[in-house]
Each structure stands twice: as structure tokens, then as C-alpha cells.
Amino acid sequence: MDAIDLRSDTITRPTQAMRKAMAEAEVGDDVFKEDPTVNRLEEMAARRVGKPAALLVGSGTMGNLVSQLAHCGRGDETILGDQSHVFFYEQGGASALGGIHPRTLPNEMDGTIALEKIEAAIRPDDVHFPRSRLVILENTHNRCSGTPMTPAYTTAVGRLVKRHGLKLHIDGARIFNAAVALGVDVAQLAAPADSVTFCLSKGLAAPVGSMICGDDAFIARARRIRKSVGGGMRQAGIIAAAGIVALAEMADRLAEDHANARALAVGLAEIPGLRIDPDSTATNIVYFRVAKKGLGAPAVVAQLGAQGVRVLPTAKDQMRAVLNYHVTAADVQRALAVFSRVME
Ligand code: TLP
């Protein structure tokens, strides 16, 4: 039997409809803005997220980097969560390549950053300080159990940021998961932000690609910067075609991944030696701990792997499972049986 791969939703392979669309895609040179399929995807993404314009980039990491470079100059400061993907998993690219200074604040368990902490971190105009320029939120919050950020919270941050003359960027790699989980429109989650990135290649199952959305001037700057970091792709309609299918067909089904995640979390909570609060799982990401003396996450991961269940170790005693398009409700039950065997 095939392995049940729960390491990430990035492992999803393109659907048949995507492969067909890719094979038949009308293409042109996108650096000349002449790829009709890329243009169509960018219009579609902008409309869906409720922003005037959008830009296709190679990855979520590139989207966050380009967005930071488009908002900030050298010596400017970003304010972001200490558990954020941008801070944790993107090699400090904004510092290395853009001279941008990150100011981290603690993420609460639900991925939010306390409003008063954001406000207190905004620097006054003083020759000693970097200029506070950009606040970055993440929705859903990967390292905080995939928790969705509500429109009320995002709106409050947006207001605060605007009052102080800063900009707001949302790393919305999984913002469609957030919208489905909260039963709101993506545009509502994106409205308070000056820029939003989202990934086509995670739960939406496209093979490659992320979108940056924002106003026309911002996207024009982002387009220039994308070129400078080597992201000017030519006949990119081949991948945009899959992105169009992803946006049109794959967002609504994310509720299935969320239900499967919940079932997995509830099942894991019943297995002796594992620790998880099933209520922490609101979307497709499940974090859980090993609580058995002398047993660490790497050993459990190796034993699970040997029995056809793949999860990701995320700390000495912590693992992550991410539900995705290729994992069915029956797979979840099979995986739980393997977990029980391994933990005996
Ligand atoms: N996250 C990956 C790993 O890098 C951890 C995963 O498997 O979850 N923002 C968020 C919130 C993300 O979770 C990720 C990918 C990205 C940005 C970066 O996207 P890519 O991998 O396309 O650069």
C-alpha cells in the first residue's frame, strides 16, 4: 500500500484537470507580460483576494521576500511573530538580501501578536532607531497549530498599523484554509492588508507557484524586484494554468482536509504516550507531542515511516501532520492504527 504522507500539504501533486490545463496552456513571454495564461491567473487572484493587482512568483518564500523588499528599504524594520514562517524558515532572506531588520514579538498560542505589543514596538522617529515600516501577520499560522486569524483581529491590526503610518503584509500561504475554516470570504481576511501572499502549491495542490496581491503601484514595484531575484519566468503559463484550476476548483474542498485533521487529532489524543489538545486543530495542521520517557520525536517518526506513515519532526518531542488532497478519511483511520502500534 502507498505511504500516507502527512509531512506537509506541499507534497500534493497536480490533479488530472491541472495536467490537462498545463498541457494545453496558451503561453507567451511573461517578462514582456505576454503570457495570456499568467495574465488570466493574476487577474483571477487579484479579484478573489479583493486587491487591484497580483503577481505570480515561484514560491511562498519568494512572495514574502519580494513583498518585504517592495515595502522596505535598507535599515527599515519589520515587526513580526517569533514563530512566523518569515522569521523561522526563510533564511533571514530579507536581512541577507535587503538589509531589512526584523523585530520579533511573541506569537500567542493562536498565532496572534498582542495589539499592545505591536503598538509598543513601533519606533518613534529618532536618529538611533531603524524606521518601523512593516507589520507581518501569518494566516493560517503554521507553527501555531495552523490557527486561522479572524477578520476582527486582522482589521484591528490593520487600523493600528495605518494609524502609525506603517504597512501590513499577510503571509497568507494558507489563507484559503483560514477562509474555509472561518466561513468568510478571503477578501475579507485580506482587506486590512496592504499586501497578501498566498500559495497555489500547498492545500490547493498546484505543482508550483504563489501569488502576491496588492495595489497597482505595489505590484509594479514587486514585479521589478521579482526580476532582480531571478523570478522573471518566461512561458510561465504552463504553471499558471494549474494555478487557475487550483483557484477555481480546489479551495472549497479544503473543508475535507480540516475534517480529516480533526479526526486525526481526536484519535491521537486517545493514544497513550501522545499528547495533543484536539481543540487546537482548526484547519489542516496537527501538532502533537511524544510524552513517553526515553522516546523522542525522531525515533517515533522513523518507526511510523517504516510502517508507511510519514510525519515531520518539528522539535525533540514534537511532530506535525498536515492533511492534504491525497489523504482520505480512511487513510486517517489506517494512520491512527499505525500510531497505536508504534506507541505500544
Ligand atoms: N511551509 C513549509 C515549510 O517551509 C515549513 C511547510 O511544509 O509548511 N509561509 C508559510 C506560512 C508556510 O508554511 C510556507 C511553507 C511558506 C510561507 C513558504 O512557501 P514555499 O515553500 O512555497 O516557499
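For the structure itself, look to the data block above.
Let us look at the structure shown here.

Thresholds applied
Residues numbered from 1 in each chain as written. Predicted model: local features only at pLDDT ≥ 70, side-chain atom pairs only at ≥ 80, totals over all residues. Heavy atoms only, no water. Phe/Tyr/Trp six-rings, centres within 6.5 Å; stacked < 30°, edge-to-face > 60°. Helix = DSSP H or I, 4+ residues; strand = E, 2+ residues; numbered from the N terminus. Buried < 20%, exposed > 50% of the residue type's maximum accessible area, 1.4 Å probe, protein only. Lys NZ or Arg CZ within 6 Å of the ring centre and 35° of its normal. 1 Å grid on protein atoms, 1.4 Å probe; cavity = no way out; pocket = protein on both sides within 12 Å on 5 of 7 lines; lining within 4 Å. Points joined across faces, edges and corners; volume = space filled by probe spheres on them. Nonpolar A, V, L, I, M, F, W, Y, C, P; charged D, E, K, R; others polar. Domains from an automatic or database assignment. Near = heavy atom within 4 Å. Polar contact = N/O pair within 3.5 Å; in protein donor to acceptor, adjacent residues only side chain to side chain. Sits in = over half its atoms within 2 Å of the grid points. Pairing = 2+ DSSP bridges. Right-handed = clockwise from strand over helix to strand, strands pointing away.

1. A word on the packing of aromatic side chains
Two measures describe an aromatic ring pair: the distance that separates the ring centres and the angle between the ring planes.
At step 1: Scanning all chains against the criterion turns up three aromatic pairs.
At step 2: The interplanar angle of 75° and the centroid separation of 5.1 Å between the aromatic rings of Phe 176 and Phe 198 together place this pair among those described as edge-to-face. Residue Phe 176 is located in helix α8 (residues 175-182), and its partner Phe 198 is located in strand β7 (residues 195-199); the two are separated by 22 residues in the primary sequence.
At step 3: You can call Phe 176 buried: its relative accessible area is 5%.
At step 4: The ring of Phe 88 carries Arg 143 above its face, with NZ or CZ at 3.6 Å from the centroid.

2. Structural notes on the layout of surface pockets
At step 1: In this structure, the largest pocket spans a volume of roughly 370 Å³.
At step 2: Met 109, Ser 145, Ser 280, Tyr 287 and Gln 318 are the residues nearest the centre of the largest pocket, which is lined by 16 residues in total.
At step 3: Ranked by residue count, the leading element in the lining of the largest pocket is strand β10 (residues 285-290), at three residues.
At step 4: By residue class, the composition of the lining of the largest pocket is five nonpolar, six polar and five charged.
At step 5: Composition of the lining of the largest pocket by domain shows at least three residues from each of domain 1 (12-250) and domain 2 (253-343).
At step 6: The computed volume of the second largest pocket comes to approximately 290 Å³.
At step 7: By residue number, the principal contributor to the lining of the second largest pocket is helix α3 (residues 60-71), which donates three residues.
At step 8: Looking at the lining of the second largest pocket, its residues break down into five nonpolar, 10 polar and six charged.
At step 9: When residues of the lining of the second largest pocket are assigned to domains, at least three map to each of domain 1 (12-250) and domain 2 (253-343).

3. Some remarks on the site of the ligand
At step 1: Around the ligand sit 15 residues, and of these Ser 8, Thr 61, His 85, Asp 171 and Arg 174 come closest.
At step 2: Ser 8 places a side-chain nitrogen or oxygen 2.7 Å from an oxygen atom of the ligand.
At step 3: At 2.6 Å, a side-chain N or O of Thr 61 approaches an oxygen atom of the ligand.
At step 4: When atoms are counted within 2 Å of each cavity's grid points, the one that captures over half of the ligand is the second largest pocket.

4. Let's talk about the pairing of strand β6 (residues 167-171)
At step 1: Taken across its five residues, β6 has four buried, putting it largely inside the fold.
At step 2: As judged from the five bridges shared by strand β5 (residues 131-138) and β6, these two strands associate in the parallel manner. Bridge assignment links Val 135 to a residue of β6, and that residue is Leu 168.
At step 3: Regarding topology, helix α7 (residues 151-163) serves as the crossover connection from β5 to the parallel β6, and that connection is right-handed.

5. Looking at unusual backbone geometry
At step 1: Of the consecutive residues Asn 139 and Thr 140, the connecting peptide bond is found in the cis state with omega at -5°.
At step 2: Relative to the assigned elements, Thr 140 resides in the loop between β5 and α7.

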